[in-house]
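# Coordinate inspection notes
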Amino acid sequence: MSKDAGFFNFSIRNIISNDQSILDQARIRLLYYGFFIVFVAVAGLFFSVYLQHLPLLTKISGIVLVCVAVLFKYLTYKPQWRYISHTLLLIATLVNLSNVFIVIQKVDIITIQVILLVVIFSYYMLGHGWGIFYSLLNIIPVMAFYVLEYNENYFIPLRPESIDEATIIISMFANFIIIIFIHSHFYNAFFKNIKELEETSQEQAILNNKLGLAIDKAEKSSQIKSEFLATMSHEIRTPLNAIVGMSNLMIMANPRLDQKENLNVLKSSANNLQSIVNDVLDFNKIEAGKVIFEHTKFSIVDLLQNICGAQQIKAEQKGLTFTLKIDPTLNNRVLVGDPTRLTQVLFNLISNAIKFTREGNIYVKAFCYEDRNNKLRVTFTIKDTGIGIDKNNLQSIFEPFTQESITTTRQYGGTGMGLAIVKRLLELQGLQMHVSSKVGEGSEFSFNMEFAISSASINEVGEKHPLLQNTGALSNLKMLIAEDNPVNVLLMKKLLSKWKIVPTIAENGEVAIDVFKKGNFDIILMDLQMPVMNGFDAAMEIRKLPDAKKANIPIIALTAAALLDIEEQVLHAGMNDYVSKPFKPEELMEKIQNLVFAVTAHGSL
């Protein structure tokens, strides 16, 4: 509704605004111009009945004339068309019924016209509900008058007034003009409204089309991004695999002390690069919702000691005091959860604590604060005496690629991905990170995590197969490697030679299938990205072989790619497991031995 236009306003422009709907604007215009028509018509009737010396009709028409003028002024002052419409309908109803029951004491064509006006006006101006109300308010009394008059039961001690034909003609003409004006005015308003809706619908269709194109573009961009990450990961990890692998081999060859120091620097730099690549790829995987949490048995004490063992050395090299405190309640307890993701969270938090602390202490604590109903809730706390975080930056540090300031990035390095990954991993499990920090004093990060309690013995957790204790048992293992990269082939041969394994090499998937058909092998290591035929297709062809023994050979995928659903694709292609390049020798060996052991055990049944 438009603001008050001012008492001395008479212009319709000041009482109509763009905030009003087309129909509301039409209602105000109808009242504004309709008042002129009604005023002229009532003024004509007033002079006509006045000249006929009809006192009651003169008074009634005079009062109506004044009411029309007052309502018009009120409309131009405060355009509250609903109140004005109700007032007009009540006046018309009172005038019509007073004419029927008191003044004229009969129902004529003018009475019918007024009823039609009330019906049309009430529906158009006030809607269905009020339309019915005012229609019945006029029709029912008139019908009751008809019944009383028909039974000759209506009589009042007042002589009815009689108007001449000229007055009747004026009234009829005025009523017809008003009816036509109302219909014409609202027809134009409805037509304009429908036209506007059609235009809006067309605009909406265009917007929907643009939105569809934008969604398609976004999906294609996401796919391109995923493919780009996979390609770049492969391109980065392939030489990185050679660097890490060769470093491991050279360290395993008992080098001189000075050589070992150089190799450790080389390996450490390669591991840092690998960590940065993994952070970016892990975050992309988390954002895409591709993270699946495992439910495996593990010892939380062993896990914490393994994480903090390497970190303690790192902290002590900086002159920091490193303290790990584990609640005795957790000793000898086997829990069920995802140790890999928990390690990722704790490793990032502890690494940050060490990175941003120049002197003082690093404190890691695991406290059991609830143990009941085969559930155990643990509070993990990582506290440091480092540079601290400004309270205004406590939220922003969890955003990807973000550190507290540019100075922090330059001074301490890093990608700003660690805390973002930590936060997302916790949120995916319905958990929340709690942070308290003071600049110059240090920071404290903590979170609570619930684990199921396993009935397994602590000695069963992490127990290796007998084969893992004796790699020499694999010296007779017949292994086929499908790998097209000469550097990776050289690396694999040197690594496997440490375990006295002599592999057969195939440069692509097609050659691997031909070699496999002609020979007898115990396991296949399958690179995924190869020319002629890739590892996925080769694995699926092998699974289709008629010889059941050959078709069920264990296959481990070797991949430097970072496809978000790589595990799903590997399993779908029929492979048993996969190892990401650059891999740890012990990880590859464990998976080889687990699969070979499983096949051997199954064959002996």
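A brief report on the enclosed structure follows. For every chain, the first residue of the written sequence is number 1, and numbering continues from 1 onward in sequence order. Whole-chain, interface and lining totals are the exception, using all residues; otherwise, since this is a predicted model, local features are given only for residues with pLDDT of at least 70 and side-chain atom pairs are given and counted only at 80 or more. The basis for every side-chain value is the complete set of heavy atoms in the structure, and neither hydrogens nor water enter the calculation.

Here we take up empty space enclosed by the protein. Only protein atoms enter the calculation, which uses a 1 Å grid: trapped sets of points that fit a 1.4 Å probe without letting it out are cavities, open sets showing protein on both sides within 12 Å along at least five of seven lines are pockets, and any residue with an atom within 4 Å of a point is a lining residue. Grid points are joined across faces, edges and corners, and a volume is the space filled by probe spheres set on the points. For the structure on display, the rule yields two cavities of 30 Å³ or more. Counted as a void, the largest cavity has a volume near 940 Å³. Comment: elements are numbered from the N terminus, with helices defined as DSSP H or I runs of at least four residues and strands as E runs of at least two. Contributions of two or more residues to the lining of the largest cavity are made by α1 (22-51), α2 (55-77), α3 (81-103), α4 (109-126) and α6 (165-252). Classes in brief: Ala, Val, Leu, Ile, Met, Phe, Trp, Tyr, Cys and Pro nonpolar; Asp, Glu, Lys and Arg charged; the others, Gly included, polar. Of the residues belonging to the lining of the largest cavity, the class tally is 30 nonpolar, eight polar and one charged.

This paragraph deals with the nonpolar core. When a protein is soluble and globular, its nonpolar side chains tend to lie buried together. Ile300, Phe380 and Phe447 are the most contacted members of the largest nonpolar core, which totals 43 residues. Elements with a contribution of two residues or more to this core: α8 (300-317), β2 (321-326), α9 (339-355), β4 (361-372), β5 (375-384), α11 (418-428) and β7 (442-453). Residues count as neighbours in contact if any of their non-hydrogen atoms are within 4.5 Å of one another. When neighbours within four sequence positions are excluded, Ile300 is seen to be in contact with Leu330, Arg333, Leu335, Val378, Phe380 and Phe451. If you look at the next biggest cluster of nonpolar residues, it comprises 40 residues, including Leu65, Phe72, Leu75 and Ile84. We call a set of buried residues a nonpolar core when its members are Ala, Val, Leu, Ile, Met, Phe, Trp, Tyr or Cys and they connect through side-chain atoms within 4.5 Å of each other. Categorising residues by exposure relies on relative accessible area from a 1.4 Å probe, with only protein chains included: less than 20% of the type maximum marks a residue as buried, more than 50% marks it as exposed, and the intermediate range marks it as partly exposed.

Turning our attention to the side chain of Gln311. Of note, Gln311 is situated in helix α8. Residue classification places Gln311 among the buried residues on the basis of a relative accessible area of 2%. Side chain to side chain, Gln311 and Ser351 meet in a polar contact 2.8 Å long. Those residues within four positions of Gln311 in sequence are excluded, and the remaining contacts are Phe322, Phe347, Ile350, Ser351 and Ile354. N or O atoms closer than or at 3.5 Å make up a polar contact, with two conditions inside protein: a donor-capable atom paired with an acceptor-capable one, and, for residues adjacent in sequence, both atoms drawn from side chains.

Moving on: the pairing of strand β3 (residues 334-337). Being paired, for any two strands, means DSSP has found at least two bridges between them. Two strands pair when backbone bridges link them, and strand β1 (residues 296-299) and β3 are joined in this way by four bridges, in the antiparallel orientation. Opposite Thr296, over in β3, you have Gly337 as the bridge partner. Here β3 pairs with β7 via two bridges, running antiparallel. Within β7, the position partnered with Val336 by the bridge is Ala452.

As a further point, take the sheet that holds strand β11 (residues 555-559). The sheet built from five strands is open, its strands ordered β9-β8-β10-β11-β12 with parallel pairing. Unpaired on one side and paired on the other, β9 (504-506) and β12 (577-580) mark the two borders of the sheet. Neighbouring strand axes in the sheet, compared pairwise and without regard to direction, differ in orientation by 20° on average. Looking at chain direction, strand β10 (residues 523-527) and β11 are connected through four bridges and run parallel. From the neighbouring strand, Asp527 faces β11, where its bridge partner is Leu558. Only the stretch in contact is used when a helix axis is fitted, and all axes are lines through C-alpha atoms; the angle between N-to-C directions ranges over 0 to 180 degrees.

Quick look at the packing of α9 against α11 now. Each packed pair of helices is defined by two parameters, the angle between the axes and the distance between the axes. For the pair α9 and α11, interaxial distance at closest approach is 9 Å and the crossing angle is 145°. The handedness of the crossing between α9 and α11 is left-handed. Residue-level contacts link Arg341, Gln344, Val345, Asn348, Leu349 and Asn352 of α9 to Gly418, Leu419, Ile421, Val422 and Leu425 of α11. Class assignment for the residues of the contact of α9 with α11 results in six nonpolar, four polar and one charged. Put simply, a crossing is left-handed when the front helix is turned counterclockwise from the back one by less than a right angle, and right-handed when it is turned clockwise.

We call Phe, Tyr and Trp rings a pair once their centres come within 6.5 Å, taking the six-membered ring for Trp, and we label the pair stacked below 30 degrees between planes, edge-to-face above 60, and tilted otherwise. On inspection of all chains with the given rule, the structure shows 21 aromatic pairs. An angle of 40° between the planes, with centres 5.9 Å apart, marks the rings of Phe186 and Phe190 as tilted. Of this pair, Phe186 and Phe190 both sit in helix α6, separated by four residues, roughly a single helical turn. Note on Phe380 and Phe451: the rings are 6.4 Å apart at their centroids and 85° apart in plane angle, and the pair reads as edge-to-face. Separated by 71 residues along the polypeptide, Phe380 in strand β5 and Phe451 in strand β7 bring together distant segments of the chain. The pair formed by Phe380 and Phe451 is uniform in burial state, with each residue classed as buried. Joined through ring pairs, the aromatic side chains of Tyr32, Tyr33, Phe35, Phe36 and Phe72 make up one cluster. A cation over a ring is seen here: Lys73 above Phe10, with NZ or CZ 4.4 Å from the ring centre. Note on criteria: charge over ring means Lys NZ or Arg CZ within 6 Å of the ring centre, with the direction from the centre no more than 35 degrees off the ring normal. Across the ring face of Tyr578, the terminal group of Lys591 is positioned such that the distance to the ring centre comes to 5.7 Å.

A separate point is the environment of Ile524. Its location among the elements puts Ile524 in strand β10. For Ile524 and Ala539, which are 15 residues apart along the polypeptide, the C-alpha to C-alpha distance reads 9.5 Å. In contact with Ile524, other than residues within four places in its own chain, are Leu480, Phe516, Ile542, Ile553, Pro554, Ile555 and Ile556.

Just geometry here; none of it tells us what the structure is for.
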